[in-house]
Amino acid sequence: WLLSQAINAFDDVKFEAASVLAELYEQLTQSSLSKPILRKAIELSQHSVYWHCRLIFQLAQIHASERDYELASSLLGVGVDYAHISNAPYTRVLFLLSRGMLLLIDKKFQEVHPLLNQAGHLVDGWQGSQYQKEYLKVFFLVLQVCHYLMAGQVKSVKPCLKQLQQSIQTIMQPSWPTDENVSGPNVGDMFIWMPKEHLYVLVYLVTVMHSMQAGYMDKAQKYTDKALMQIEKLKIVDNRPILSVFQLMLLEHIIMCRLVMGNKSLALNEISQACALCQQQPRLLLTHRPQLHTLLGLYAMSMNCMEAAEAQFTAARRTSQERELWTFANLNLAIVYLRAKREQDFTSLLEQINPESLQSHSHSLRAAAYYVQGLQSFFQARYNEAKRYLRETLKMANAEDLNRLTSCSLVLLGHIFLSLGNSRESMNMVTPAMQLASKIPDVHVQLWASAILKDLYRMCGDPVRENEAFQMHCNFSQMLLKDHFQASQMTEHNLIHWTEGNFPMLVGNPPSTSDGLL
């Protein structure tokens, strides 16, 4: 790098040296040394389209990994303009979409809208190669889908998700060219966002995210299995760090699905795998620690270990700067306090979970906040107020097909009408709640609904159906108890006490994916 700066027309050696040297400093976690080199190289490379763009991407990546999104975003903005005047239209859209991605990560939703609209128009009116068009379309649709999912809009996202799934099928066809050939002959356009095999896994991942949020647990399981198998294959060829990130995010979502389905021991096994992944790659622990605490909190709640759940949600809030994760942790903490009859602690959280003033961009979190308010009113026997909150939840949940919130609200409304002695209205609520919970399947709602049905049939003087509901309740109860006992005997159960420092010694190497899927 030092020697080549004095030599003219020696671009490839000069800028390759700068890029590799900066990468080396990054690996040694000395980004303070890599950034000046890249800045200097960017300054010197304005006449070389390929190197100038590549070095801008590299420097923006460093700033983004340090969470300096504003600086990274402004660099990518420079890239957008530079690619435009340098006649590199494909790279221009890559810069634009990369910038959109950072704005999404930084929750700058007001700025994301016009940028995604601009990118969408450029992709739709694309005059270049079809391969480039399809490739940019996948990147664009991934951002669109993530945008909807971040807002908890699982119904609105469906058309985009369907398009994305069709596009990835096109790209994965054997007749499709290799990644190197997608960029075409223009030297300024020789970039891709990520290899198509990684895009394939990413599409599985966002599909799993959607299925989990919408309450299609079987679908989420099916796609998680496929994605994890794909990751195993890719890791053998080239174990890129991004694959472990995908693996961890898949585990985070499937763990939540297992808990909903009443499979606590499976969830615990997968929490242990997630911890082992983070243990192997300390950088992952840095970025995913709050999520691990949140998952352990949800697991502890399902095991009725309320003190541990409280400690985990508190740890999640302490280690995260994500507003949405705070809200999610606070809503669960509120339920912990309600179940433990700790009204004073609940009241102290009230302001942070008030749906009217919730600092959240997410439709589903706001709907969940109304549910928690309804739950509190129910516990205080303020039934009319509870009904008002729960109807709000139902309205919001129905608007976006949030099946789990719908079934939880219906069963709680059924319980309220039962408490008021209105058996007909109660039946009208509990029957659809049971149908929906069976479809998800959400074992806890099924357990709750079968208990109410048993009482309702007794009130109606229908002993046959009462007995059926009683049997159903016993079956769910037995299944949950058996699984509860199994999970409590596992050494990994002690993870619920880990709130700071390194993991307890019980976390070994992660089992191979096939072992984890049982």
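All values reported here derive from a predicted model rather than from experimental measurement.

S.K.: Looking at this structure, how should I read the overall build of the chain?
M.R.: On a plain count of helices and strands, the chain comes out with 24 helices and zero strands. A compact globule built from 518 residues would reach a C-alpha radius of gyration of about 24 Å, and the chain, at 26 Å, matches this within 12%. For the chain, the C-alpha atoms occupy an extent of roughly 95 × 50 × 45 Å along the three principal directions. Within the chain, the proportion of its 518 residues that are buried is 53%. Contacts spanning at least 24 positions in sequence make up 64% of the contacts within the chain whose residues lie at least 6 apart. As presented, the chain carries roughly 23,900 Å² of accessible surface, and 54% of it is formed by carbon and sulfur atoms. A gap of 5 Å separates the mean positions of the 45 positive and 46 negative side-chain charges of the chain.

S.K.: Just checking my understanding: could you explain a nonpolar patch on the surface for this structure?
M.R.: Taken together, the side chains of Ile7, Phe10 and Val13 present a nonpolar region at the surface, about 230 Å² in accessible area. Mapped onto the secondary structure, Ile7 falls in the segment before helix H1 (11–27). Given the relative accessible area of 39%, Ile7 is considered partly exposed.

S.K.: Sorry, what's going on with the layout of surface pockets here?
M.R.: Using a probe with the size of a water molecule, rolled over the atoms, empty space left in the structure can be pinpointed. Size it by volume and the second largest pocket reaches roughly 190 Å³. Surrounding the second largest pocket, Arg317, Arg323, Trp326, Thr327, Asn330, Glu351, Gln352, Ser357, Leu358 and Gln359 form its lining. The leading source of residues in the lining of the second largest pocket is helix H16 (residues 323–339), at four residues. Taken together, the residues of the lining of the second largest pocket break down into two nonpolar, five polar and three charged.

S.K.: Explain the state of the cysteines here, please?
M.R.: Disulfide: a covalent bond connecting the sulfur atoms of a pair of cysteines. All chains considered together, the criterion is met by zero disulfides. The thiol of Cys275 is unpaired, and the distance to the nearest cysteine sulfur, on Cys278, comes to 6.7 Å. Residue class for Cys275 comes out buried when judged on its relative accessible area of 0%. In this structure Cys460 is a free cysteine whose sulfur lies 20 Å from that of Cys474, the closest cysteine sulfur available.

S.K.: Looking at this structure, how should I read the packing of helix H7 (residues 130–150) against helix H10 (residues 196–214)?
M.R.: Two packed helices can be described by the angle between their axes and the distance between those axes. Packing of H7 against H10 brings their axes to within 11 Å, and their N-to-C directions diverge by 20°. Overall, the two elements H7 and H10 adopt an arrangement that is roughly parallel. Between H7 and H10 lies a crossing whose hand is left-handed. Contacts from Tyr135, Val138, Val142, Val145, Cys146 and Leu149 in H7 reach Leu199, Leu202, Val206, Met209, His210 and Gln213 in H10. When its residues are assigned to classes, the contact of H7 with H10 shows 10 nonpolar, two polar and no charged.

S.K.: Where do I start with the environment of Phe246 in this structure?
M.R.: Turning to its location among the elements, Phe246 is positioned in helix H12 (residues 241–260). Those residues within four positions of Phe246 in sequence are excluded, and the remaining contacts are Met194, His198, Val201, Leu202, Leu205 and Ile231.

S.K.: What should I look at first to understand the packing of aromatic side chains in this one?
M.R.: Given two aromatic rings, their pairing is described by the distance between the two centres and the angle made by the two planes. Following the criterion strictly, the structure yields 13 aromatic pairs and no others. Their ring planes at 5° and their centres at 3.8 Å tell us that Phe139 and Trp193 sit as a pair that is stacked. Residue Phe139 is found in helix H7, and its partner Trp193 is found in the loop between helix H9 (179–182) and H10; the two are separated by 54 residues along the sequence. A relative accessible area of 1% places Phe139 in the buried class.

S.K.: Even after reading the chapter, I still don't get the packing of H1 against helix H2 (residues 31–44), so can you show me in this structure?
M.R.: One way to put it is that H1 packs onto H2 with a least axis distance of 8 Å and a crossing angle of 160°. By the angle between their axes, H1 is roughly antiparallel relative to H2. Crossing of H1 over H2 shows left-handed handedness. From H1, Phe15, Ala18, Leu21, Ala22, Tyr25 and Glu26 reach across to H2, where they touch Ser31, Leu33, Ser34, Ile37, Leu38, Ala41 and Leu44. Split into classes, the residues belonging to the contact of H1 with H2 amount to 10 nonpolar, two polar and one charged.

S.K.: Honestly, the pattern of salt bridges in this entry has me stumped. Any pointers?
M.R.: Pairing is possible between side chains that carry opposite charge, provided their charged atoms lie close to one another. Tallying each qualifying case throughout the model produces 15 salt bridges. Residue Asp455 pairs with Arg458 through a salt bridge whose shortest N-O separation is 3.1 Å. Here Asp455 pairs with Arg458, and both are found in helix H22 (residues 443–460), just three residues apart, close to one helical turn. What emerges from the salt-bridge pattern is a single network uniting Glu70, Asp106 and Lys108.

S.K.: So what exactly am I meant to see when it comes to H22 here?
M.R.: At 3.6 residues per turn, the α-helix brings residues three or four places apart onto the same side. Here H22 spans 25 Å end to end across 18 residues, near enough to the 26 Å set by a 1.5 Å rise per residue. Turning to H22, its buried residues number three or more, namely Val443, Val445, Gln446, Ala449, Ser450, Ile452, Leu453, Leu456 and Tyr457. The opening residue of H22, the one whose side-chain oxygen lies 3.2 Å from the backbone nitrogen of His444, is Asp442. Where H22 ends, the next residue or the one after it, Gly461, has phi of about 70°, a positive value.

Parameters and conventions
Each chain has its residues counted from 1, running along the sequence as written. For this predicted model, a pLDDT threshold of at least 70 governs which residues receive local features, and a threshold of 80 or more governs which side-chain atom pairs are given and counted, while totals over whole chains, interfaces and linings are taken from all residues. To obtain the side-chain values, all non-hydrogen atoms of the structure were used and water was disregarded. The helix count covers DSSP runs of H or I at least four residues long, the strand count covers runs of E at least two residues long, and both are numbered beginning at the N terminus. Here the globule rule is a power law, 2.2 Å times the number of residues to the power 0.38, and the radius of gyration is based on C-alpha atoms. Burial classes follow relative accessibility: with a 1.4 Å probe on protein chains only, a residue under 20% of its type's maximum area counts as buried, one over 50% as exposed, and anything between as partly exposed. We call two residues in contact when some of their heavy atoms are within 4.5 Å. All accessible-area figures derive from a Shrake-Rupley calculation using a 1.4 Å probe, and residue coverage is judged against the displayed protein chains alone. We treat Lys and Arg as the positive residues and Asp and Glu as the negative residues; His and chain ends play no part in the count. A single reference atom marks each charge: NZ on Lys, CZ on Arg, CG on Asp, CD on Glu. Patch definition: residues with relative accessible area over 30% and no salt bridge; like charges joined within 9 Å; nonpolar side chains (Val, Leu, Ile, Met, Phe, Trp, Tyr) joined within 5 Å. Salt bridges are defined as contacts in which a side-chain nitrogen from Lys or Arg sits within 4 Å of a carboxyl oxygen from Asp or Glu. A pocket, in this scheme, is an open set of points on a 1 Å grid over the protein atoms alone with protein on both sides within 12 Å along at least 5 of 7 lines, while a cavity is a set where a 1.4 Å probe fits but cannot get out; residues line either one if an atom lies within 4 Å of a point. Grid points are joined across faces, edges and corners, and a volume is the space filled by probe spheres set on the points. Residues are grouped as follows: Ala, Val, Leu, Ile, Met, Phe, Trp, Tyr, Cys and Pro are nonpolar; Asp, Glu, Lys and Arg are charged; all remaining types, including Gly, are polar. Cysteine sulfur atoms that come within 2.5 Å of each other are treated as a disulfide pair. The angle between two axes is taken between their N-to-C directions and runs from 0 to 180 degrees, where each axis is a line fitted to C-alpha atoms and a helix contributes only its stretch in contact. Small angles under 35 degrees read as roughly parallel and large ones over 145 as roughly antiparallel, with 65 to 115 read as roughly perpendicular and the rest as oblique. We call a crossing left-handed when the near helix sits turned anticlockwise from the far one by less than a right angle, and right-handed when that turn is clockwise. Aromatic rings from Phe, Tyr and Trp, with only the six-membered ring used for Trp, were paired whenever their centres fell within 6.5 Å, and each pair was classed as stacked if the ring planes differed by under 30 degrees, edge-to-face if by over 60, and tilted otherwise. Residue count minus one, scaled by 1.5 Å, sets the expected span of a helix. By the criterion applied in these results, polar contacts are pairs of N or O atoms within 3.5 Å in which, for protein atoms, one can donate a hydrogen and the other can accept it, and in which residues neighboring in sequence qualify only through two side-chain atoms.

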